[in-house]
Every structure is written in C-alpha cells, then in structure tokens.
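Single-letter residue listing:
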Amino acid sequence: MSNPASKPDNHGTATRIIHNRRHKDPFGSPYSPVYNTTTYRFKNTEALLDVIEGRTEGNLYTRWGTNPSIQELEQGLAGLERAEAALAFGSGMAAISATLLAHGRTGIVCVGDLYGGTQSFMTDHCQALGIPVTFLYREEQNQLAEQLNQSGKLVYLESPANPNMAILDIGAIAETAHRHGALLAVDNTFASPINQNPLSLGADLVLHSATKYLCGHSDLTAGALMASAEFIQPVANWRKNLGQLLSPETAALLSRSLRTLPVRIRQHNENAMAVAKAMEKHPKITKVHYPGLPSFEGHELAKQQMHGFGGMLSIEVEGGQQAAAQVADKLRVFLLATSLGGVESLVSQPSATSHHGISREERLKRGIGDGMLRLSVGLEDAQDLITDLNQALA
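The structure contained in this document is the topic of the report that follows. (Residues numbered from 1 in each chain as written. Predicted model: local features only at pLDDT ≥ 70, side-chain atom pairs only at ≥ 80, totals over all residues. Heavy atoms only, no water.)

### Observations concerning helix α4 (residues 92–103)
In this model α4 runs 17 Å from its N-terminal to its C-terminal C-alpha over 12 residues, within 8% of the 16 Å that 1.5 Å per residue would give. Taking burial as the measure, the 12 residues of α4 include 11 buried ones, the bulk of the element. The set of residues buried in α4 consists of Gly92, Ala94, Ala95, Ile96, Ser97, Ala98, Thr99, Leu100, Leu101, Ala102 and His103. Of the residues flanking the start of α4, the one acting as N-cap is Ser91, its side-chain oxygen 3.5 Å from the backbone nitrogen of Met93. (Helix = DSSP H or I, 4+ residues; strand = E, 2+ residues; numbered from the N terminus. Expected span 1.5 Å × (residues − 1). Buried < 20%, exposed > 50% of the residue type's maximum accessible area, 1.4 Å probe, protein only. Polar contact = N/O pair within 3.5 Å; in protein donor to acceptor, adjacent residues only side chain to side chain.)

Here you go:
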C-alpha cells in the first residue's frame, strides 16, 4: 500500500505521473528497475522484527505488497485520483471482490447498471456468504435512502455505466449514503481518472479495471483501488490473504502505461466524439449513447462531473440483433472482441457478450436494445473509424 500524501501535489496530472518515483536509481535511470523478487534479506533478527512489528519501514514479502515496483505503481495510482493511498491487484475483479468483502459485509446496495462480472460476484458469491445485496435500477435511485436502513452498508455504482453509458449523480448519491452511515464505492473504469474523479465528488472508494484505460495496450491484466488510508487498510488484508497481488513485472508495465494516460485519453475523447457525431447522423442508427452528445439523456450531468466524455459509446442499429451482428462482422478496422480501453478500436454486441445470460425483458428494462453495439474507440485516425462503420452499415 502506498501513501503519497506527503509528496508535493501542485503539479498537473501528466507531470505528476511522469515523474512518479519512490526510488533514486544509483545508475541514473529516470525510472525504477523491476524488482523481480519475492523476499528480502535482513542483517539480523532485530532488523527483521522492526519491520514485521512496524517500527521501521521495509520490505518483507512481495505477496504482502512490500515490493518497490508495486509500491511505486500504487503511489502513481493514488496520485491519479488525488487519493491518500492505493492498492494494486491482479485484476479488476480482484480489486472489486476484496473491496466488497472488506466493506460490504453489512450489506451492499447497487444503483444502476453493473459490469457482468461484478453482478455475478454479488449474486453468486456475496449472497452465498450471507451478505445481503440489493439492486436498484437507475430509475429507482430515489429508493436508496429506504434501503440504507442500518449504518455500515456499502453503496456501489458505475458511472458511466456499461453498456448504455448511463450517468449517475455521484455527489447526490454520496450525500445520501453518508447521511445514512454508508460508504460509496464507484467503478471509474469507463471514465478513467483523467475524465472523472469520484473522490472529489464525495465518493469514498474508487475502483478501476486497470486492464482497460490505465493499461491502454491490451497486454496486461490488473486492478486498482484508491481511497483514504483508513478505508484501504481493511482491503489490503483481504488482498494479502486471498493472494490477489499482481506481479512486479506487471506493475512495472502498468507504471509505463500510466505515463501516457493523459495524452491517450485526450485522443480517445476526441475520436469518440467524432464517431458519435457521425453515427448520430446515420440513417441506419436509431440511437447513439454517448455522454458528450447534447441529445444524450445524462449530458448536462456529465458536463458537471466529468472533465471529458471518454472513449466508450454504444449505437443501436436499425433491424435489431441480427442486423447489428452483421454490421459487427463486416467491420475491418474495429476488431470484434471483448474488453475496452486499448489503442485499438473494438466492437462487441452486449446481447451476445456481457449481457448474454440476461433475459431479453431484463435487457430492455436496462435500456440495452437488441441492436446495440458497444464501441471502444481507439487511437486510429477518426475518419478511418467512421469510414469503417459506414461501409459496414451500407
């Protein structure tokens, strides 16, 4: 666990993450080497006990999180969300599951749409462990106070949500949660820390599937949690005992990726806006879900709580599920694949992937139409992406 609170905080995001260092390399490298080690030697038993019992700082065992490569990554992650501390995990689901087990045992109340893996963990595992879980549709968020009938619960949400990009008022939900003695956790994966900072809006814990935008190259799997040191510590114990830590090599790769995150996100934003505007005019597209469009239902709220509108959007193809599948199959620049947030553009059909196991009635209730395609807009030339969509729709 890294705590960067004592470091100067007056630089911009790009400067902070590029110059994120915990260690001065004796050979002059501007970046830290990979500490590919599991254990650390001590000069004597007294020095070993000083570290174990907390009298001095030091590294003991990598699974516990005491590895210089991992600690430096966590320092950078905390800085991105302006958090006091951060934890790195082997996957986004590792971060989510440890957080739910640490802070949700009194009960979890979910607001709005969720990533399928998160919903599965809550339904199949949390409830099996005796943890009460309540799911509220976005339109039912006025029932949140009623569901927080005892203190100590955890409110959980995604904004923008997968796959319809629905926006929730993070500040208002945080205020309701805190008034009833609950914490608020926000999955910020779709927005990224460049476009949105839930902690500044009142959230208590922020989660990321670092596999997505934080990595940005589709070449590693990782997760992250950012929060105060007080809220981080219980999660750190679950991470240690469940063996959810990422490797030092993966930590170093992710630290590399974070240095280009601000410039990558700016291009994702720009490309996605261009694609959304082009698709909004296309006669075979019945609806475009993108927070940056004035026609989008949550556009005004997105303008208030986001700095940019992100690289994710969904389109609804005229003709339903079969027509949408034909469009996806004909795309040549967009790759037909799951996941998101990489430099390459991806297309997926929620009814065939993330929401395949949900009944049609339930999907439609959640605003996920038969003809919906989810686009992860990458860093290619925007016009090439638009041309590819046009030829597939022709």
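### Quick notes on the sheet that holds strand β7 (residues 223–227)
The sheet built from 7 strands is open, its strands ordered β1-β7-β6-β5-β4-β2-β3 with mixed pairing. At either end of the open sheet lies a strand with only one pairing partner, and these are β1 (85–89) and β3 (133–136). Averaged over neighbouring strand pairs, the angle between their axes works out to 20° when direction is ignored. Two elements, strand β2 (residues 108–111) and β3, share 4 bridges in a ladder whose sense is parallel. Bridging from a neighbouring strand, Val109 pairs with Thr134 of β3. Of the strands in this sheet, β2, β3 and β4 (154–158) touch helix α5 (residues 116–126), which is tilted by about 145° from β3. Taken strand by strand, helix α9 (residues 229–242) contacts β1, β5 (183–187), β6 (205–209) and β7, and its axis lies near 20° from that of β1. (Pairing = 2+ DSSP bridges. Axes fitted to C-alpha atoms, helices over the stretch in contact; angles between N-to-C directions. Contact = heavy atoms within 4.5 Å.)

### Here's the deal with the sheet that holds strand β11 (residues 346–348)
Reading across from one edge, β8-β9-β12-β11-β10 is the order of the 5 strands in this open sheet, with mixed pairing throughout. Looking at the sheet topology across the chains shown, the edges are occupied by β8 (285–289) and β10 (335–336). Alignment of β10 against β11, held across 2 bridges, turns out to be parallel. When the bridges of β11 are listed, Leu336 appears paired with Val347.

### A short note on the packing of aromatic side chains
One pass over the full model with this rule turns up 0 aromatic pairs. Taking the ring centre of Trp64 as reference, the NZ or CZ of Lys240 above it sits at 4.5 Å. (Phe/Tyr/Trp six-rings, centres within 6.5 Å; stacked < 30°, edge-to-face > 60°. Lys NZ or Arg CZ within 6 Å of the ring centre and 35° of its normal.)

### With respect to the environment of Leu389
Its location among the elements puts Leu389 in helix α15 (residues 382–393). The buried category is assigned to Leu389, whose relative accessible area is 1%. Once the C-alpha coordinates of Leu389 and Gly298 are considered, the two residues, 91 residues apart in sequence, prove to be 25 Å apart.

### As for unusual backbone geometry
Residues other than glycine predominantly adopt negative phi, and peptide bonds predominantly adopt the trans conformation. The amide bond that connects Ser159 to the next residue, Pro160, takes the cis arrangement and shows omega of -5°. When you line up the elements, Pro160 lands in the loop between β4 and α7 (170–179). The peptide bond linking Asn162 to Pro163 adopts the cis configuration, its omega dihedral lying at 5°. Structurally, Pro163 can be placed in the loop between β4 and α7. In this structure, Ser218 is a non-glycine residue whose phi angle is positive, near 55°. Here Ser218 lies in the loop between β6 and β7. Given a relative accessible area of 45%, Ser218 falls into the partly exposed group.

### Details of the environment of Leu207
Structurally, the position occupied by Leu207 is in strand β6. Relative accessible area serves as the criterion here: at 1%, Leu207 is assigned to the buried category. Along the chain, Leu207 and Ile368 lie 161 residues apart, while their C-alpha atoms are 24 Å from each other. Once you skip the residues sitting within four places of it in the chain, Leu207 turns out to touch Ala95, Ile96, Thr99, Tyr156, Ala185, Val186, Asp187, Asn188, Thr189, Ala224 and Leu225.

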